Amino acid sequence: MQPNHPIPSSNATQPASPMNAEHSHIDDNDDKNTEIDQAATRMPMLKPALSLFIVLAITLGLCYPLLMTGVAQVTMPNKANGSMIEQNGSLVGSTLIGQTFDQPEYLWTRPSAAGDGYDAAQSSGSNLGPLNPELVTNVETQVQKLKAADPQNTAPIPLDLVTMSGSGLDPHISPAAAQWQVNRVARIRGISSEQVQKVIDAHTEGRQLYWLGEPRVNVLAVNLALDEMSSTN
């Protein structure tokens, strides 16, 4: 009977041969050499990329804005500074931003949803859909306010006097909306309707390039002109 001899397992750990160790060492060296080569390839590209970034940042972030600001200040200083309006040395507003007018002797602007009214810091889209109950309520409230201020006026109320602009900062109303208020303003100020209408006509802006947009009346400009007329009289 033959003695039993253990059969070597195929999973047994075999000692690494000197040749395998040599190949492993060579592979490690190749990986390191590849990383060094890649780093050496990237380094020459980094300098021009960084230089281009600095040049573009200075040109577009500093020089171009300064150039455009200088050109605007020379060619159109009023518009470049916000189209501000001064009266008797005091700043009274801007032709681009509406103001709230509630006194009956003034033209009234459109309703505003920007904060408490024409707050430029709280301007946002305020358009309501035609089926929104809030729109109906707002329109009815504004209609009652207008009728209470001028009960003698039975003419249809123009749409822009009872609806809000998208931004809530619209400084204009339509010529029809200004015309609707002429009799009230003239009666309160004690002047003729023709005088008020003349002031409105003088501050009515036409279509841009004769075909873009619609004619519009700058409310602040009209009210300032009316005040100046009253002080002169």
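Fair warning: this is a prediction, and the values are worked out from it, not measured in the lab.

*Asks:* Outline the overall build of the protein, listing residues and values.
*Replies:* Within the protein one finds 7 helices and 5 strands. Beginning at the N terminus, the succession of helices and strands in the protein can be written as α-α-β-β-α-β-α-α-α-β-β-α. Put simply, the protein has 233 residues, and 25% of those count as buried. Taking as baseline every contact in the protein between residues at least 6 positions apart, the subset at least 24 positions apart corresponds to 58%.

*Asks:* Now, about the packing of aromatic side chains: what can you tell me, with residues and values included?
*Replies:* Throughout the structure, instances matching the rule amount to 1 aromatic pair. When the ring centre of Trp-108 is taken as reference, the NZ or CZ atom of Lys-145 above it lies at 5.2 Å. Across the ring face of Trp-108, the terminal group of Arg-184 is positioned such that the distance to the ring centre comes to 4.4 Å.

*Asks:* Please provide a residue-by-residue account of the confidence of the model for the protein, values included.
*Replies:* Of the residues in the protein, 81% have a pLDDT of 70 or more, and the chain-wide mean is 84. Taking the mean pLDDT of every element in the protein, the minimum, 77, falls on helix 1 (residues 18-75) and the maximum, 97, on helix 4 (residues 175-180). Confidence over residues 7-13 falls short of pLDDT 50; this stretch has 0 contacts with residues more than four positions distant or in other chains.

*Asks:* Tell me about the packing of helix 6 (residues 193-202) against helix 7 (residues 219-232), and name the residues and values.
*Replies:* It is the contact of helix 6 with helix 7, at a shortest axis distance of 9 Å, that shows an interaxial angle of 135 degrees. In terms of axis orientation, helix 6 runs oblique to helix 7. For the crossing formed where helix 6 meets helix 7, the hand is right-handed. On helix 7, the residues that touch Gln-195, Val-196, Val-199 and Ile-200 of helix 6 are Val-222, Ala-225, Leu-226 and Met-229. Of the residues in the contact of helix 6 with helix 7, the class split is 7 nonpolar, 1 polar and no charged.

*Asks:* Talk me through the pairing of strand 1 (residues 84-87); I want residue IDs and the actual numbers.
*Replies:* For a regular strand, side-chain orientation follows a simple rule: the groups alternate between the two sheet faces. Inspection of the sheet shows strand 1 paired to strand 2 (residues 90-94) by 4 bridges, in the antiparallel sense. From the neighbouring strand, Met-84 faces strand 2, where its bridge partner is Ser-94. Adjacent in sequence and paired antiparallel, strand 1 and strand 2 are bridged by 2 residues, among which Asn-88 carries a positive phi angle near 55 degrees.

*Asks:* Outline helix 3 (residues 133-149), listing residues and values.
*Replies:* Between its first and last C-alpha, helix 3 extends 25 Å over 17 residues, near the 24 Å set by a 1.5 Å rise per residue. Among the residues of helix 3, Gln-142, Val-143 and Leu-146 are the ones counted as buried. The buried residues of helix 3 occupy one face: seen down the axis, they fall within an arc of 105 degrees. Structural note: helix 3 exposes Pro-133, Gln-144 and Ala-148 on the side pointing more than 90 degrees away from its buried face. Packed against the buried residues of helix 3 are helix 4. Where helix 3 starts, the residue carrying a side-chain oxygen 2.9 Å from the main-chain nitrogen of Glu-134 turns out to be Asn-132.

Each value, and the rule that gives it
Residues numbered from 1 in each chain as written. Predicted model: local features only at pLDDT ≥ 70, side-chain atom pairs only at ≥ 80, totals over all residues. Heavy atoms only, no water. Helix = DSSP H or I, 4+ residues; strand = E, 2+ residues; numbered from the N terminus. Buried < 20%, exposed > 50% of the residue type's maximum accessible area, 1.4 Å probe, protein only. Contact = heavy atoms within 4.5 Å. Phe/Tyr/Trp six-rings, centres within 6.5 Å; stacked < 30°, edge-to-face > 60°. Lys NZ or Arg CZ within 6 Å of the ring centre and 35° of its normal. pLDDT = per-residue confidence, 0-100. Axes fitted to C-alpha atoms, helices over the stretch in contact; angles between N-to-C directions. Parallel < 35°, antiparallel > 145°, perpendicular 65-115°, else oblique. Left-handed = near helix turned anticlockwise from the far one by under 90°. Nonpolar A, V, L, I, M, F, W, Y, C, P; charged D, E, K, R; others polar. Pairing = 2+ DSSP bridges. Expected span 1.5 Å × (residues − 1). Arc of directions from axis to C-beta. Polar contact = N/O pair within 3.5 Å; in protein donor to acceptor, adjacent residues only side chain to side chain.

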